[in-house]
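Examining the three-dimensional arrangement
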Amino acid sequence: MSETTNKPSDFALPDVKDLKPLDSEAETAKRLAAYRAVDKNIDFENHRIIGIGSGSTVVYVAERLGQYLLDPKYKPFVEKFICIPTGFQSIQLILDNGLQLGSIERNPVIDIAFDGADEVDTNLQLIKGGGACLFQEKLVSTSSKKFIIVADYRKWSPTSLGVKWTRGVPLEVVPSAYVRVKSDLINKLNCKKVVLRQGGSAKAGPVVTDNNNFILDADFGPIKDPKSLHVQLKLLLGIVETGLFIDNADIAYIGNSDGTVLIAPKS
Ligand SMILES: O=C[C@H](O)[C@H](O)[C@H](O)COP(=O)(O)O
């Protein structure tokens, strides 16, 4: 029987620099950040449990891992990886790229996790949850020995959080408590504006998270002390988790439009 020419051993892992640009500068920058983060941080011999986040940037993390899986040199390692998802979309990314799906219940300690962010400041404090996935993302990222952010240049804030991401801090709330939380945010925490996130044209009524909760977007303007705000928010009854990820990320890979990557380690 003759061998096909398209067998996996013909696969050559592409260098991100050699790939054609995508439809927009931002999309190309996302791919660059994600590929570079995977290339520089995966330890094929020692990593086994890998966290895969949510959103449009982490798509390229899963894609890159899928490419390693096709390369005979890396396949024996990557096929043993157990990937821990942060939500429904993340499960699909893992499966679509041929990776092995695991659960955080079976694998409560994660070697390394990758995720996107809506805003990243110079201390690597983050706003996340723009895609309504924050609770499971935080469960995975805080269970990881190393947590890596991948993002494009629009997410990097050299001043403070709340400057680039102006839609407000995403808060996952128990549905029956959303009116109470809204009122507490305004009256107790001087929040400027709170919006119950809506499904828009794709769904009549509010967004419902993977945990069957609602999302409130709470605008505090520029956030001087994200840690203290996070602690205050957690004291309000009804808030399950906040989109402020504090002292969690170890390093951020920020793709620039000129083809460079800003690598920001935790200080
Ligand atoms: O809820 C969504 C997540 O926190 C995402 O990781 C975040 O919104 C960044 O998404 P993207 O990579 O699409 O900008």
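All values reported here derive from a predicted model rather than from experimental measurement.

**As for the site of the ligand**
What surrounds the ligand is a group of 16 residues, the closest being S56, T57, D118, E137 and K155. One of the side-chain nitrogen or oxygen atoms of T57 is found 2.6 Å away from an oxygen atom of the ligand. Within the backbone of G129, a nitrogen or oxygen atom sits 2.8 Å from an oxygen atom of the ligand. A total of 370 Å² of accessible area belongs to the ligand in isolation, and the protein chains cover 91% of it. A breakdown of the residues in the shell around the ligand according to their chemical character gives 3 nonpolar, 8 polar and 5 charged.

**A short note on the pattern of salt bridges**
On inspection of all chains with the given rule, the structure shows 15 salt bridges. The partner of R197 in a salt bridge is D217, and the shortest N-O contact between them spans 2.8 Å. Remark: D217 occurs in strand β11 (residues 214-219) and R197 occurs in the loop between β10 (193-196) and β11; sequence separation between them is 20 residues. Per residue, the accessibility class of R197 equals that of D217, and both read buried. Linked by salt bridges that have partners in common, D115, K128 and E137 make up one network.

**Some remarks on the domain arrangement of the protein chain**
Each assigned domain of the protein chain is listed with its residue range as follows: domain 1 (8-158 + 246-265) and domain 2 (169-243). One C-alpha centre belongs to domain 1, the other to domain 2, and the line joining them spans 26 Å. Between domain 1 and domain 2 the total buried area reaches about 1,300 Å² when both faces are included, carbon and sulfur atoms providing 59% of it. Of all residues in domain 1, the largest losses of buried area upon contact with domain 2 belong to L134, F135 and I246, amounting jointly to 37% of the total for that side.

**Side note on the nonpolar core**
Counting 32 residues, the largest nonpolar core has I42, I50, V61, L65, V78, F114 and Y253 as the members making the most contacts within it. Broken down by secondary-structure element, the contributors of at least two residues to this core are α1 (25-41), β1 (49-52), α2 (58-70), α4 (88-96), β4 (112-115), β7 (147-152) and β14 (251-255). For this core, the leading source of residues is α2, giving 7 residues. The residues touching V61, leaving out its near neighbours within four places in the chain, are A34, V38, I52, F114 and V150.

**Side note on helix α6 (residues 178-189)**
In this model, α6 (12 residues) spans 15 Å end to end at C-alpha, consistent with the 16 Å of a helix rising 1.5 Å per residue. Taken as a whole, α6 has its buried residues at V181, D184, L185 and L189. The arc that holds every buried residue of α6, seen down its axis, measures 105 degrees, which confines them to one face. The exposed set on the far side of α6, more than 90 degrees from its buried face, consists of V179 and N187.

**Some remarks on the packing of aromatic side chains**
Inspection of every chain in the model, using the stated rule, returns 6 aromatic pairs. Measuring from ring centre to ring centre gives 4.6 Å for F44 and Y74, while their planes differ by 45 degrees; the resulting arrangement is tilted. Here F44, found in the loop between α1 and β1, pairs with Y74, found in the loop between α2 and α3 (75-78); they are 30 residues apart in sequence, far enough to count as distant. Here F44 falls in the buried class, since its relative accessible area comes to 13%. For Y74, a relative accessible area of 18% puts it in the buried group. The structure contains a cluster of three or more aromatic residues connected by ring pairs, namely F44, Y68, Y74, F77 and F81. Seen from the ring of F245, K128 lies directly overhead, with NZ or CZ sitting 5.5 Å from the centre. Sitting over the face of the ring of F245, K138 holds its NZ or CZ atom 4.7 Å from the ring centroid.

Thresholds, definitions, all that
- Residues numbered from 1 in each chain as written.
- Predicted model: local features only at pLDDT ≥ 70, side-chain atom pairs only at ≥ 80, totals over all residues.
- Heavy atoms only, no water.
- Near = heavy atom within 4 Å.
- Polar contact = N/O pair within 3.5 Å; in protein donor to acceptor, adjacent residues only side chain to side chain.
- Areas by Shrake-Rupley, 256 points an atom, 1.4 Å probe, with all protein chains shown as cover.
- Nonpolar A, V, L, I, M, F, W, Y, C, P; charged D, E, K, R; others polar.
- Salt bridge = Lys/Arg side-chain N within 4 Å of Asp/Glu carboxyl O.
- Helix = DSSP H or I, 4+ residues; strand = E, 2+ residues; numbered from the N terminus.
- Buried < 20%, exposed > 50% of the residue type's maximum accessible area, 1.4 Å probe, protein only.
- Domains from an automatic or database assignment.
- Buried area = accessible area lost by both parts, 1.4 Å probe.
- Core = buried A, V, L, I, M, F, W, Y, C linked by side-chain atoms within 4.5 Å.
- Contact = heavy atoms within 4.5 Å.
- Expected span 1.5 Å × (residues − 1).
- Arc of directions from axis to C-beta.
- Phe/Tyr/Trp six-rings, centres within 6.5 Å; stacked < 30°, edge-to-face > 60°.
- Lys NZ or Arg CZ within 6 Å of the ring centre and 35° of its normal.

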